Amino acid sequence: MALEISKVELHVKENNKEHRTDDVTVKRLMVRRGQNFKITLKTNRQFQPDTDTLIFTAETGPKPSEEKGTRCVFGFPKLTGAKKAWTALVQESGRSSMTLAISSPADASVGSYNLYMREGSHATPQSITNMVLLFNPWCTEDWVHLPEEAERQEYVMAEQGIIYRGSADRIGPLAWNFGQFEEDMVDICMKLLDMNPKCLRDPAEDFSARCNPIYVGRVVSAMINSNDDRGILAGRWQTPYSGGVAPTHWSSSVDILRRWYKSYYSPVKYGQCWVFAGVMCTVLRCLGIPCRVVSNFQSAHDTDKNLTIDEYYTDHGVRPKESHDSVWNFHVWVEGWMKRPDLSGDSTYDGWQVLDPTPQEKSSGVFCCGPCPVKAVREGYTDLKYDIPFVFAEVNADQVIWMLMRDGSKHRLHTATSNVGQNISTKAVGAYRREDITASYKYPEVSKKERLVFEEAVRRGNEHKPRPQLSLKPPALKLEITEEKESITGQDLELSLLLHSEHLRELSVQINAQAMRYTGVPDSLVYREEKDVLLQPKQDLKISIRIPFSLYGTKMLDNSSLKVSALVHDKQHPGDGYLAVKNIVPQEPTITIQAPSTCQQFTEMTVEVIFDNPISSTLRDGVLTLTGSGLLRHPMVTRIPVLKADQRVRVQIPFTPYRAGSRKLMADLDCDTFRDIKASCNVEVKPNLVVCPPCTTFNEFIYGA
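Please read all numbers here as calculations on a predicted model, not as lab measurements. Sequence positions are assigned chain by chain, starting from 1 and proceeding in written order. In keeping with the model being predicted, local features are shown solely for residues with a pLDDT of at least 70 and side-chain atom pairs are shown and tallied solely at 80 or more, while totals for entire chains, interfaces and linings include all residues. Side-chain metrics rest on all non-hydrogen atoms present in the structure, leaving aside hydrogens and water.

Caption draft 1: Representation of the overall build of the protein in the model. The helix and strand labels rest on DSSP assignments: H or I over at least four residues marks a helix, E over at least two residues marks a strand, and numbering proceeds from the N terminus. Looking only at helices and strands, one finds 14 helices and 37 strands in the protein. Its C-alpha atoms give the protein a radius of gyration of 29 Å, near enough to 27 Å, the size a compact globule of 705 residues would have. Overall size of the protein, expressed as C-alpha extent along the three principal axes, is 110 × 60 × 40 Å. Sorting the 705 residues of the protein into buried and exposed places 57% on the buried side. Residues are treated as being in contact if the distance between any of their heavy atoms lies within 4.5 Å. In the protein, the share of contacts with a sequence separation of at least 24, taken over all contacts with a separation of at least 6, comes to 68%. We get accessible surface area from the Shrake-Rupley algorithm with a probe of 1.4 Å; when it comes to residues, only the shown protein chains can shield them. Summed over its atoms, the accessible surface of the protein is roughly 29,500 Å², and 49% of this surface lies on carbon and sulfur atoms. In the protein, which carries 84 positive and 87 negative side-chain charges, the distance between the mean positions of the two groups comes to 2 Å. The globule rule used for comparison is 2.2 Å times the number of residues to the exponent 0.38, while the radius of gyration itself is calculated over C-alpha atoms. Only protein chains enter the accessibility calculation, which uses a 1.4 Å probe; a residue is then buried when its area is under 20% of its type maximum, exposed when over 50%, and partly exposed in between. Under this rule, positive means Lys or Arg and negative means Asp or Glu; His and the chain ends count for nothing. Throughout, a charge is located at the NZ atom of Lys, the CZ atom of Arg, the CG atom of Asp or the CD atom of Glu.

So this is what it looks like as structure tokens:
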């Protein structure tokens, strides 16, 4: 009697749970490569694996091919010869059913697959299902295997996190919603891969290459920005932000990815580095590549690739606006975890790889960066792939400060070998605190080893223009700018300049404060003061600096910091100039979110947001935006037209959580005086026995009917 199959049970809920994708969906099969999933077949008799014919076919891409590894035929009797062999093993067999364990190879291409089955003499295969195959950090044979479970929970499974911003002296946490397990994220991420130019030129080759996390990481890095393609985000680093929203508004990757998808792949406006990085982290975690967001403070942008950053000041102490090189207050990228067999026959360069989606410089003709092995950066191996000279400069370039004279000449004030690359930060595993990972990028500053590595990086990159010889002679005059009290937006800033010399000095002091973009580009002059002083030998001289809020307040709306500089000239030696610089990032006012620490899935709850106007003038055009993956169907906006001096506003907002688990609620307040003040709180959503909310589909629940 011929074998006949009457029904196929996919065990979607059970399989997805085993593959850690059940938080995404229990409606379609979503599994990870290199790991079994089971199916049960209802049969008319007991299956005989040695004599019965049962053939499966797995295909991905528009032109599936066994040669390219995008098609595999497998089953019973055993078939051999496929480049990337899938397998089917009998787990249980009875008179009327059997259960098979099916597995893809650990190097299969990720993506959407069609699975077909043909039994007996039937010539036409029958479609079983359309399924999704992801990278598998739990599989030891997968190139993205991450050994520690706590790290897998943080770098693959965690949907909320922290992105660090600010300055090296004032590091601030920004709560970010990655939301990679929202049900529509997988389809959006797959569409992102399909829209990349390599796929559009040669889809068969692109789908074949999706087996490789190195390739996928590089593609995603290019597709997060829209400079070369129909990517996710358009970048903009200065006002106006017409046709979009300021980058500081965003707190969630989910909103950005959905906007791109719903607009038929038009770039979302606008992003800056932390937004690009946050979105890329979402995409990589969704695809199964372990990923974390990393912030580098005093981050260099070396355009001429000589590992030296030239910074210029006029002879009255002001930064000119134009400069090829720059040092950003901070820069944010991501690290993806993967093997690098393309660089070494052993595991030398395996592990964390820098991937930077912010469009700064081109890599092989495309605005992308990486994957760049962090281990190679630490050792100064700038001749390896990809983009190591650029990343090395970001964390370890030397900085040369020049004074531009009125006659067009320039005079070197001093050289700093340890200013660049400070407090490199990421969120700690399993905790909402900062972890400093500077030591993974470079040896301790001013150490002998660090200097040897620097010279190794220069030697390996000697095809670029030579670096100037740098003088490290200590200055004859010591000067330092310090904050007298905490700098808070809405209050006058109080600082001081401290001078000290071993000799009597007659000095000319020029103090300036400039509003700065976080990329190190000056925006406008806020404050200026000049005075002559007599510095007694071996005595400290303290000069008070007070910058009124009335001068800097409006200038800081779309800028991140004030650069306060003091340029001091010795009147007896006009050629001698001395410079002190301090970056000031004023503390933002605070908003408070009050919400129950626990709530019930699909049950309405109410949150209250409280804000006190901290200044003595009226705030206008206030907009409060509430977001939270799994908590809110879409961002909820409340307008606050007027808030008088010293007045408090309390806003109550009801909503219905739709996903169980640990969630984060985030608030953003924007007005005419303060730009995008942030706050967040944690909410634990307990699961409800109700399987689905009162709507017919997930898309209706998320997007509305």
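Caption draft 2: Examining the sheet that holds strand S9 (residues 126–134) more closely. Spatial ordering of the open sheet is given by S2-S9-S8-S4-S5, a layout of five strands whose pairing is mixed. The open sheet terminates on both sides in strands that have one partner only, identified here as strand S2 (30–32) and strand S5 (71–76). Sheet twist, expressed as the mean angle between neighbouring strand axes with direction ignored, is 30°. We call two strands paired when DSSP finds no fewer than two bridges between them. In this sheet, S9 lies alongside S2 in parallel orientation, the contact comprising three bridges. If you follow Val 31 over to S9, its bridge partner there is Leu 133. All axes here are fitted lines through C-alpha atoms, helices being fitted over the stretch that makes contact, and every angle between N-to-C directions spans 0 to 180 degrees.

Caption draft 3: Representation of the sheet that holds strand S22 (residues 434–436). The strand order across the open sheet built from six strands is S18-S17-S16-S14-S21-S22, with neighbouring strands paired in antiparallel fashion. One side of each edge strand has no neighbouring strand; the edge strands of this open sheet are strand S18 (372–373) and S22. Relative to the sheet, helix H8 (residues 273–287) contacts strand S14 (291–301), strand S16 (326–338) and strand S17 (351–355), its axis offset from that of S16 by approximately 5°.

Caption draft 4: Just the pattern of salt bridges, in detail. Should a side-chain nitrogen of Lys or Arg be within 4 Å of a carboxyl oxygen of Asp or Glu, the pair is scored as a salt bridge. Evaluated as defined, the whole model comprises 45 salt bridges. Linking Arg 663 and Asp 23 is a salt bridge whose minimum nitrogen-to-oxygen distance equals 3.7 Å. Of this pair, Arg 663 sits in strand S36 (residues 661–670) while Asp 23 sits in the loop between helix H1 (12–18) and S2; the two residues are 640 residues apart in sequence, bridging distant segments of the chain. On the basis of relative accessibility, which here comes to 34%, the residue Asp 23 falls in the partly exposed class. Between Arg 451 and Asp 398 there is a salt bridge, with the nearest N and O atoms lying 3.1 Å from each other. In this pair, Arg 451 is assigned in helix H12 (residues 448–460) and Asp 398 in strand S19 (residues 398–404), connecting sequence segments 53 residues apart. Salt bridges sharing partners connect three or more residues here, namely Asp 23, Glu 159, Glu 182, Asp 184, Arg 258, Arg 659 and Arg 663.

Caption draft 5: Local environment of unusual backbone geometry. A cis amide bond, omega -5°, links Phe 76 with the succeeding residue Pro 77. By the element assignment, Pro 77 lies in the loop between S5 and strand S6 (87–93). In this chain, Lys 385 is followed by Tyr 386 through a cis amide linkage whose omega measures -10°. Secondary-structure assignment places Tyr 386 in the loop between helix H9 (374–379) and helix H10 (388–396). Phi at Tyr 264 is positive, roughly 60°, even though this residue is not glycine. As for its position among the elements, Tyr 264 is in the loop between helix H7 (253–262) and strand S13 (268–271). One non-glycine residue with positive phi stands out, namely Asp 621, at about 60°. With respect to the helices, strands and loops of the structure, Asp 621 is situated in strand S33 (residues 619–627).

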